[in-house]
Amino acid sequence: MEFRILGALEVRHEDRVVPISGVQQRKALAVLLLEEGRTVSMQRLIEALWGGEPPATARRQVRNIVAAVRRNLAEADPIERSGDGYRLRTDATDWNGFRGEVAEAKAAADHVATRRLLRRALERWRGPVLAGLDSELISTAALGMEEERLAAFEDLYEAELALGLHREMVGEVRSLAAEHPYRQRLSGHLMLALYRSGDCAAALRVYTELGERLADELGIEPDRSLRELYVDILREDPGLDLPPEAARPEAEPAKVAEARAEIPATTPEVPAVPVSVAEPVVANSVWPPSRAMARTIAIALVVCVIGLGASRDELGLHPAREHLGQATVGFGPLDDPLWTYPALESGSGVMMVDAGLLVLDRFNLRLEVDGEVRWSNYLDSQTIPKASVIGDTIVLSSSYPSDQPWNTGLLTGIDIATGREIWRSWDRWPVGTIDGMIISVGCERTANGATGSCLMEAVHPRTGRSRWMTWLEDRSVPVRSEIPYGSPWGGPLPSDYVLIHSYEDTETGSTDRLRVYAADTGESVSEFDYSGVESAQVNGGLLILHKRSTFVTEGRCEARVATYDISSAELRWERFIDTPADSADRCLPLPTLEGADDLFPATLGQAASVVWARSGELQWTVPEPSAAQLLVDDSIVTSDPDSADLAVWGVWSHEKRWTAKAGELMWARGATLWVLDRTAVDSDCGGVVGYSLKTGDCVCLPGSLVFITDDVVVTADDGVWKAWRADPWAQAG
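Quick look at the structure, then. These figures come from a predicted structure and were not determined experimentally.

1. Brief notes about the sheet that holds strand β9 (residues 339-342)
Overall, antiparallel pairing links the 4 strands, which are arranged β9-β44-β43-β42 in an open sheet. One side of each edge strand has no neighbouring strand; the edge strands of this open sheet are β9 and β42 (704-708). Each neighbouring strand pair of the sheet contributes to a mean axis angle of 25°, computed without reference to strand direction.

Written as structure tokens, this is what we have:
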């Protein structure tokens, strides 16, 4: 049985998680683990569980709590009674593993081995020690453990400096030094790394800022070794240069090296072309980039021509040759991949910016330029973070374990050029970005762990300062739809409004309200009854609420759609629309209904229809059995309830443009309709098909779908991620 305390408490036995339910049980086990091998008295356990205000039955409750923990650990229970308390006998903890690897690193014969062992030891940390457990005893123990973690980082950076890895480590050291502004050894490592990287001014500035901080806040000056380093940098002392015999390690940082090893040797190479942050993907590049290859490289695609509308020649799809039914094409609406990258774990993301590629995964945020890691930040979050790029700043949202996950987390502003942390704010979740600001919501927690007051604020991405703040009702949660196959790199808010779900449990039931706020000012706009609502969307000045679906008859459900004026809260219209039911007579979720300011797609009776959004009046009904799926500009996408085929109709012409096989999910991106159809997977097609909404012509992408954004569709193919333009048919018009 393995116990993990370097992060949220986790117990594993034979590759499965052993559940430890309840905060008090987790606290009791945590205390026993921190005092591993030593007896923890009953009084000490009572203090850890209740602080200075224990209940009268505290001793009996402790016995019951420990007994419950032991029942959960029954297969390999290491807890035993010892005098008036309890003792836990085990050395199978990640803390012991960390300390053992650190000790081994200190005894290593060379810097390469030291670096490898310390990196491996530090990767054991998944977050703050016993994150989510609030106890003074735990907090005190965690301080000492955090001190050892920081000392290990300092030893690691000393080894990396000796190996000539000063450029690779600058961003990470700068970030850690910002978190711990009084650690002088860490500041010294940063100064030397900057100096060796050619930024003497920045190295001197680190010393000056540290000296001012120590003098103003502690009344001391930097220690002798740091003062001597400062003087040596001023003199450009040759002794600071990297010794000529210093050897760089053959392998790059572990995670990057492993990822790059997955690139097939036959991957074509073309030069990387930096693009602007505002237009994140418009260039052709593969990873790692090479300047030796010409840019025009043909790539094999399956080109599906339905036979309606424009021809291949009109679209610019000129086959170079035919082979076994597969067309090899050059530049057309769908060019070569915008970029390729070694496959990362599910939920990760890659984004192209001015300097190169931003890579975001569970443990690491990094910037890679011309095949080199410019900076890399270790992430101690429990899940893959969410991130946004706003100007020259990355805003990162990292989560931590909690009984109430919406009010815990860490917002961090990171300089995109250096990877340096600029600011951080605890207990905040991002709602989205608008007008260069990030909007976040967070709630305080009371002494008993309940949710207290909630605050929404708009934060400047460069400074972390609030532009406006609004206090919310207790137990407030942002209303946001989870996009299937979404990237962790988020985009702007879909409207100028923020929707907040506020609810309160009363003796007669739960009171649910939906409150609408202006995103630019934080001012309250209106509020609505939110009971029974499954989803909400804003279309211009209208709020459309989808009420809970009800089973009607075989294969069919009904759901009520209510449409309100968002500023006056006046009900404009409401209708019952059809939704499908599965074989067990359960209502399936409403389809994605992407309306416009003027039109709204709905299934009325047995046919897809187009409704005037402001009045609810019927504009047009499709003249055959069908269900509404999407409305995009002047096109409505429908599905046949029997064959499940999809069809695209002209909203104004009332003509069917084309039909095709429907998939499991659909997305509209400009002039392109993307369909995920796993049944289409073969050697050439990964089941991700992009159709021209106008003509029905299509392209089929290789590999499986990883994520889709407004800019790119990313697929995984033979261990490599490939990014494709999200609207390849835009050029065809």
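2. Describing the nonpolar core
Where a protein is soluble and globular, its nonpolar side chains tend to be buried together. Residues Ile-5, Leu-29, Val-62, Leu-73, Ile-79, Phe-98 and Leu-130 are the most contacted members of the largest nonpolar core, which totals 75 residues. Element by element, the count of residues in this core is highest for helix α6 (residues 136-162), at 10 residues. Once you skip the residues sitting within four places of it in the chain, Phe-98 turns out to touch Leu-6, Ala-121, Leu-122, Arg-124, Trp-125, Glu-148, Arg-149 and Ala-152. Of all hydrophobic cores here, the second largest spans 18 residues; its members include Leu-630, Leu-646, Met-666 and Val-675.

3. Observations regarding the environment of Ile-138
Position of Ile-138 among the secondary structure elements: in helix α6. Note on Ile-138: relative accessible area 2%, which makes it buried. Sequence separation between Ile-138 and Leu-34 is 104 residues, and the spatial gap between their C-alpha atoms is 7.9 Å. Beyond its immediate stretch of four places on either side in the chain, Ile-138 contacts Ala-30, Val-31, Leu-34, Leu-130 and Leu-133.

4. Quick word on the pattern of salt bridges
For side chains bearing opposite charge, pairing can occur when the charged atoms are close. This structure, assessed with the given rule, holds 38 salt bridges. Between Arg-89 and Glu-80 there is a salt bridge; the shortest N-O distance is 2.9 Å. Take Arg-89: its relative accessible area is 48%, and that puts it in the partly exposed class. On the basis of relative accessible area, Glu-80 is assigned to the partly exposed category, the value being 26%. Glu-148 is paired through a salt bridge with Arg-99; the nearest N and O atoms lie 3.2 Å apart. Of this pair, Glu-148 sits in helix α6 while Arg-99 sits in helix α4 (residues 94-106); the two residues are 49 residues apart in sequence, bridging distant segments of the chain. Arg-99 gets classed as partly exposed once you look at its relative accessible area, which sits at 42%. In the salt-bridge network here, residues are joined through shared partners; they are Glu-147, Glu-154, Asp-155, Glu-158, Arg-183 and Arg-185.

5. Topic: the sheet that holds strand β16 (residues 410-415)
The pairing of strands in a sheet happens through backbone hydrogen bonds and is either parallel or antiparallel. Read across the sheet, 4 strands follow the order β14-β15-β16-β17 without closing on themselves; strand pairing throughout is antiparallel. For this open sheet the edge positions go to β14 (386-390) and β17 (421-426), each flanked by a neighbour on one side alone. The sheet shows a mean angle of 15° between the axes of neighbouring strands, direction not considered. Of the pairings in the sheet, the one linking β16 to β17 comprises 5 bridges and is antiparallel in character. Bridge pairing in β17 links Leu-410 to Trp-426.

6. Here's the deal with the environment of Thr-563
Summarising the element assignment, Thr-563 is placed in strand β29 (residues 556-565). Given a relative accessible area of 0%, Thr-563 falls into the buried group. Taking the C-alpha atoms as reference, Thr-563 lies 8.9 Å from Arg-575; in sequence the two are 12 residues apart. Other than its neighbours up to four places away in sequence, Thr-563 contacts Leu-542, Leu-543, Ile-544, Glu-570, Leu-571, Arg-572, Trp-573 and Ala-613.

7. Things to note about the pairing of strand β28 (residues 550-553)
Across 3 bridges, the pairing between β28 and β29 is antiparallel. The residue of β29 that forms the bridge with Phe-551 is Cys-557. Once β28 ends, the chain turns through 2 residues before running back antiparallel as β29, passing Gly-555 with a positive phi of about 75°.

Thresholds, definitions, all that
- Residues numbered from 1 in each chain as written.
- Predicted model: local features only at pLDDT ≥ 70, side-chain atom pairs only at ≥ 80, totals over all residues.
- Heavy atoms only, no water.
- Pairing = 2+ DSSP bridges.
- Helix = DSSP H or I, 4+ residues; strand = E, 2+ residues; numbered from the N terminus.
- Axes fitted to C-alpha atoms, helices over the stretch in contact; angles between N-to-C directions.
- Core = buried A, V, L, I, M, F, W, Y, C linked by side-chain atoms within 4.5 Å.
- Buried < 20%, exposed > 50% of the residue type's maximum accessible area, 1.4 Å probe, protein only.
- Contact = heavy atoms within 4.5 Å.
- Salt bridge = Lys/Arg side-chain N within 4 Å of Asp/Glu carboxyl O.

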